[in-house]
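# Fold and contact review
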Amino acid sequence: MAAGRPQLTLAELAAAVEERGAGRLAATIEGDRELLIEAAAPLETAGPADLTFLANIRYRNAVATTRAGALVLTAADNAALRPAASVVVCEQPYAWFAFAAQVLHRPAQRAPGIEASARVDPSARIGADVWIGPAVIIEAGAEVGAGCAIEAGSYVGRGVRIGKGTRLYPGVRVMDECTLGASCIVHSGAVIGADGFGFAPFAGTWIKIPQTGRVVIGDDVEIGANTTIDRGTMGDTIVEDDVKIDNQVQIGHNCRIGAHTVVAGCAGIAGSAIIGSHCQIGGAAMIQGHITVCDRVAISGGTVITRSINQPGFYTSIFPFMTNTEWERNAAVVRHLRELRDRIRALESRLGSAPDNKDSSR
Amino acid sequence: MAAGRPQLTLAELAAAVEERGAGRLAATIEGDRELLIEAAAPLETAGPADLTFLANIRYRNAVATTRAGALVLTAADNAALRPAASVVVCEQPYAWFAFAAQVLHRPAQRAPGIEASARVDPSARIGADVWIGPAVIIEAGAEVGAGCAIEAGSYVGRGVRIGKGTRLYPGVRVMDECTLGASCIVHSGAVIGADGFGFAPFAGTWIKIPQTGRVVIGDDVEIGANTTIDRGTMGDTIVEDDVKIDNQVQIGHNCRIGAHTVVAGCAGIAGSAIIGSHCQIGGAAMIQGHITVCDRVAISGGTVITRSINQPGFYTSIFPFMTNTEWERNAAVVRHLRELRDRIRALESRLGSAPDNKDSSR
Amino acid sequence: MAAGRPQLTLAELAAAVEERGAGRLAATIEGDRELLIEAAAPLETAGPADLTFLANIRYRNAVATTRAGALVLTAADNAALRPAASVVVCEQPYAWFAFAAQVLHRPAQRAPGIEASARVDPSARIGADVWIGPAVIIEAGAEVGAGCAIEAGSYVGRGVRIGKGTRLYPGVRVMDECTLGASCIVHSGAVIGADGFGFAPFAGTWIKIPQTGRVVIGDDVEIGANTTIDRGTMGDTIVEDDVKIDNQVQIGHNCRIGAHTVVAGCAGIAGSAIIGSHCQIGGAAMIQGHITVCDRVAISGGTVITRSINQPGFYTSIFPFMTNTEWERNAAVVRHLRELRDRIRALESRLGSAPDNKDSSR
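Treat the numbers as computed from the prediction; the structure is a model and nothing was measured.

About the criteria used
Residues numbered from 1 in each chain as written. Chains lettered and ligands numbered in written order. Predicted model: local features only at pLDDT ≥ 70, side-chain atom pairs only at ≥ 80, totals over all residues. Least-squares fit on C-alpha atoms with pLDDT ≥ 70 in both. Pairing = 2+ DSSP bridges. Helix = DSSP H or I, 4+ residues; strand = E, 2+ residues; numbered from the N terminus. Contact = placed C-beta atoms within 7 Å. Nonpolar A, V, L, I, M, F, W, Y, C, P; charged D, E, K, R; others polar. Buried ≥ 20, exposed ≤ 12 C-beta atoms within 10 Å, placed from the backbone. Right-handed = clockwise from strand over helix to strand, strands pointing away. Axes fitted to C-alpha atoms, helices over the stretch in contact; angles between N-to-C directions. Parallel < 35°, antiparallel > 145°, perpendicular 65-115°, else oblique.

For the rest of this paragraph, the subject is the relation of the copies chain C and chain B. Mapping chain C onto chain B calls for a rotation angle of 120° and an axial translation of 0.0 Å; the resulting RMSD is 0.1 Å. Such values leave the two copies arranged in the relation of a three-fold axis. Across chain C, the rotation axis passes nearest the C-alpha of Phe319 of chain C, at a separation of 3.4 Å.

Glancing now at the sheet that holds strand S11 (residues 119-120) of chain C. Residues and elements named next belong to chain C. If you walk across this open sheet you meet the ten strands as S11-S14-S17-S20-S23-S28-S31-S34-S37-S40, and the pairing is parallel. Where the open sheet ends on each side, the last strands, each with one partner, are S11 and strand S40 (304-305). Bridging between strand S14 (residues 137-138) and strand S17 (residues 155-156) involves two bridges; their strand directions are parallel. Looking at the pairing, Ile137 lines up with Tyr155 of S17.

Once that is clear, we can look at the interface of chain A and chain C. Between chain A and chain C, the contact holds 67 residues from the first and 70 residues from the second. Of all the secondary structure elements, the ones that give two or more residues to the side of chain A that touches chain C are helix H4 (93-104), strand S42 (322-323), helix H5 (324-334) and helix H6 (337-351) of chain A. In terms of residue count, the dominant contributor to the side of chain A that touches chain C is H6 of chain A (seven residues). Classifying every residue of the side of chain A that touches chain C by side-chain character gives 34 nonpolar, 23 polar and ten charged.

A few words on the pairing of strand S7 (residues 70-73) of chain B. Residues and elements named next belong to chain B. Side chains Ala70 and Val72 project from S7 onto one buried face, and the interleaved Leu71 and Leu73 project onto a second face that is buried too. As paired strands, strand S6 (residues 50-53) and S7 are joined by three bridges and run parallel to one another. Bridge pairing in S7 links Phe53 to Val72. In this region the chain leaves S6, passes through helix H2 (residues 60-65) and returns to the parallel neighbour S7; the handedness of that crossover is right-handed. Here four bridges tie S7 to strand S8 (residues 86-90), and the two strands are oriented parallel to one another. Across the sheet, the residue bridging to Leu73 is Val89, located in S8. Crossover connection from S7 via helix H3 (residues 75-81) to parallel S8: handedness right-handed.

The next subject is the interface of chain C and chain B. Contacts between the two partners involve 66 residues from chain C, matched on the other side by 70 residues from chain B. Partitioned by chemical class, the residues of the side of chain C that touches chain B number 34 nonpolar, 23 polar and nine charged. Pairing between strand S41 (residues 313-316) of chain B and strand S42 (residues 322-323) of chain C: two bridges, direction antiparallel. Within S42 of chain C, the residue paired with Thr316 of chain B across the bridge is Met322 of chain C.

Our focus in this paragraph is the sheet that holds strand S36 (residues 280-281) of chain B. Taken in spatial order, the twelve strands line up as S10(B)-S13(B)-S16(B)-S19(B)-S22(B)-S27(B)-S30(B)-S33(B)-S36(B)-S39(B)-S41(B)-S42(C) in an open sheet, and their pairing is mixed. Edge positions in the open sheet fall to strand S10 (113-114) of chain B together with S42 of chain C, since each of these has one partner strand only. Bridge analysis of strand S16 (residues 149-150) of chain B against strand S19 (residues 167-168) of chain B gives two bridges, and the strand direction is parallel. Within S19 of chain B, the position partnered with Ala149 of chain B by the bridge is Arg167 of chain B.

Let us look at the packing of helix H5 (residues 324-334) of chain B against helix H6 (residues 337-351) of chain C. Between H5 of chain B and H6 of chain C, the shortest axis-to-axis distance is 7 Å and the interhelical angle comes to 60°. Classified by the angle their axes make, H5 of chain B and H6 of chain C are oblique. On H6 of chain C, the residues that touch Arg329, Asn330, Val333 and Val334 of chain B of H5 of chain B are Leu337, Arg338 and Arg341 of chain C. Per-class residue counts for the contact of H5 of chain B with H6 of chain C are three nonpolar, one polar and three charged.

All names here are of chain C. For Thr45, the location among the structural elements is in the loop between strand S5 (39-40) and strand S6 (50-53). You can call Thr45 partly exposed: it has 13 C-beta atoms within 10 Å. Separated by 22 residues in sequence, Thr45 and Arg67 have C-alpha atoms that sit 7.6 Å apart.

Function-wise, these values are silent; they only describe arrangement.
Structural data, given as structure tokens:
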């Protein structure tokens, strides 16, 4: 979001970052400690009042030509590159830069208050220093914690509880009885707590199973634009602390997403799937329902997970792309892989081969 | 959704379910007919005032330890498991339980009326016992049937017709001239009747084809959060009775979805595809445009359907997932399947093999 | 959208199309120049006051039976088919028909004005002949160009600039500082300028990178319902002129989409991907981040692009669909393709074969 931009000296900025990092982001400054910094910027476009960093050693040539006022580098990169700019030397340049960017680019704050066109039920409890935007609806019994911002047109259902300092961007909808923790960010168009997808077959039609559970979201969770998280059928859908969910993600009823897991855009997690903590789910990945993925699993974008994963690791299921002409030639063979394997086996048999017994496809 | 919770005896509940099932859900009660039931709950967490059921014989061990007051079982399972709780014995426990849960968990009802901040065009016709929430817009010539609930911030375009007892959750948008049947449920953020995606190429640019058709939706249809159903280019997009569509599904212009078909989350159905009745489209499946899928087809989640399907059955197109290391080894070979087949053929030729003539990959 | 329908003679319609085509859509009329035309319609359902066209030579049999008053055809098709109806003969029937349909089906226009329930910040600049619908929010410093329509419940953030003649359908959200060009169409539920997905790892948690860039959208861009386009991290996300984006597409931070490219529904383009001009991205295709796709690339629906593409062409990565039973047989072999290749190689080695050296899978 657009941000107010304070001017800080590099030394002041370093002090602010060190405070945020709780002592784990110590840095030394080489160069002009009094340099005024206005903004965080990419290597290629940074100017004399900008701070930048080296994200990837592949871009090290850009360090030689950057016009940035200051750079965040590891000691090793600093020694190797010897840039002309002032340098913040630290062990984790990306994290240091992230905190510095947060200091430089604070989200615009609204003055607390309730816009005239908002409709807040008298039984709702609104904390101190809350901003409630135009056309917002807060239903009966809802609780909105101190310092929250509920932006234009958002909907907070009956009995919803929202922790301190959480921000709902315009047009977020949180349905009845769901809860969000503190310091969450929910982007426009997200829907939290719509009914899960549950129907019993009966006489050729579908009988709706009432979805009586909730969505329970922890602290420091970010939820992307137009993402949907369904309420539980019976029992709750749970998103633990520090989970980061991108845009247009679908999370089905009764899922549990473990702490610190990130889910990239367009991913789908079907009902009752249990995802561990510290996982990374790639964009447009699809995880079937009723399976378990253990902690510290990474899944490639576009991958379909059809069974539980019990070993940490990196998993993929992408048909490699090729020109359509090549694809037509190769895809036709995919339909006959079993026969090909059998023909190889027959050839081996005729020649008396003894193939590797580890080949479980036999 | 959160629900009022009546207390019923098990016998009263059985009578209510039998009435809903129109005589096809007869059950006998073994145990305490006067047991008070408050809620439907899962086997694992159900307590003495809860009703539960056995969804899958895999969970039969949980029957021994459940604290549930009452269980819904088939006669066979009841005989085999002999649970301590009271038992409702019937032929279709899942359907029986679904109806019972509907009785126990009725959606919260709003008192009929029109909120002050709603804007209803004077030419719109609003039936009896309708609730129209805050910031709702009802445009000229729209018709809203008796007993409907149009929740906060929803939009009902010009000439839209909505049948009796249909519920639009907050923030649903139904564009001009579209129609919904009776007893439908549409979840937050769904968009019904946006323009289809149609452009003619001309001189290196794209010329928009006006999308002049409608979306026509039958009775008892459920549409998930943030799902989109486009209006027809010329002629209509049609969703027949009792179709159940999950969240974030995209249905293109001029599609037809047959009665009783279910479409799971994140699926995409491209323009002019015709899907039969009683189909089951898995999550994130993608169906290309201008093809036909016959009745009673099931499609796995993550599957891409590129041609018409004329035989009922279960279809799949998933690259199996594996560790990324294994995937790199195997995916490289996919690019050369045709050559591998040719090398097998060459080997067979040298050895004078006579492979099975049914192998059409030759 | 529903449209007012003028009555024009075929000659008047041809003159209107020729004017729109800037001289590149000349046509000759064979038959009744004074025939009154009311609507564009498909071959199968067109009546005597309708104009239709032949989209595909496969449908030529329908020309013999159509009841349409007038047909748009190439000279060759007209000579071959000799229809009974009046004929507009031109070189590009589809483009001619598209323009004619635009003439016949103009979108319903609102009388300019600002609805009472809209909240327009006094510092916003609103051009001439703008319509601002109910419950719309226009924030401080925003600029809305002449002739725009901002429909019910839409949100235009601080400092947003919108060019002339652009239409936001109900419930569109454009976040702070983003810009849209002239003559754009944005469908309901689209979110332009939500935060990109950027976090730095630190001590087991995720540190948010402020997303300080914008979304910059050119002229004549169409954006589908519930599509999301994220703002840049630092620097902007760019969508060039005449790009057409379907529903439920996700475009990540710092992407650039080249002019005249079309992106079909449910596609996902991850952060920092650069897509050329005149590309066609199929439905539910997924393009990984930080890669480049050159101009004039077509990508099949459901395809995953994992590396940059430097050659124009048509690319695909779909596992071919089959019955689930066949799939289980064949997918099991996919996990062992490398071993199969090695077994073939071993057989060749024993027989002294000399396979084609071009086979890079060796």
